[in-house]
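Single-letter residue listing:
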Amino acid sequence: MLKDAIEAINLSIKLLDETIQNLENKKVLEFNLWKTTLELDYAALVLSLTNNLIDFNPNLNDFSIESVKETLIKAQSLLKEVLNIMNNDPTLAYAKIKQTIKLVKKVKEITS
């Protein structure tokens, strides 16, 4: 099951990269942000279920958005951190996934 979460995170990183490369294409932007959120929700669910984090509600930072590109780069960076810590600190990994979802949703809001 954890393998599926890792695949979802890797796909999200690729989708964000594609989005950064195509910021001018509104259809690519909207679809990739939606798909990224979907994949990350799934990864968070898997981590939550496999590590008994159902009642864990992380405090999420409120990052200011300098630019869409910078925010998406920050989201990618958080996901790369998740891949490095997922096995050793699933609680922190879960919190970082939730933070990334929040960032992606913020970008979705300002670009729609």
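Scoring rules and cut-offs
Residues numbered from 1 in each chain as written. Predicted model: local features only at pLDDT ≥ 70, side-chain atom pairs only at ≥ 80, totals over all residues. Heavy atoms only, no water. Helix = DSSP H or I, 4+ residues; strand = E, 2+ residues; numbered from the N terminus. Expected span 1.5 Å × (residues − 1). Buried < 20%, exposed > 50% of the residue type's maximum accessible area, 1.4 Å probe, protein only. Arc of directions from axis to C-beta. Contact = heavy atoms within 4.5 Å. Patch = residues over 30% accessible without salt bridge, like charges linked within 9 Å, V, L, I, M, F, W, Y side chains within 5 Å. Areas by Shrake-Rupley, 256 points an atom, 1.4 Å probe, with all protein chains shown as cover. Salt bridge = Lys/Arg side-chain N within 4 Å of Asp/Glu carboxyl O.

1. Here's the deal with helix α1 (residues 2-21)
- End to end, α1 covers 29 Å across 20 residues, agreeing with the expected 28 Å (1.5 Å per residue, within 8%).
- The complete set of buried residues in α1 reads Ala5, Ala8, Ile9, Ser12, Ile13, Leu15, Leu16, Thr19 and Ile20. Axial view of α1: buried residues confined to an arc of 165°, hence all on one face. In α1, the exposed residues that point more than 90 degrees away from the buried face are Lys3, Lys14 and Gln21.
- Buried residues belonging to α1 abut α2 (26-50), α3 (68-85) and α4 (90-111).

2. Description of the environment of Asn51
- For Asn51, the location among the structural elements is in the loop between α2 and α3.
- On a C-alpha basis, the gap between Asn51 and Asp89 in space is 9.9 Å, while along the polypeptide they are 38 residues apart.

3. Describing a nonpolar patch on the surface
- Together, Met1, Tyr42, Leu45, Leu49 and Ile54 give the surface a local cluster of nonpolar side chains, amounting to about 500 Å² of exposed area.
- Secondary-structure assignment places Leu49 in helix α2.
- In this structure Leu49 comes out as partly exposed when scored by relative accessible area, which is 49%.

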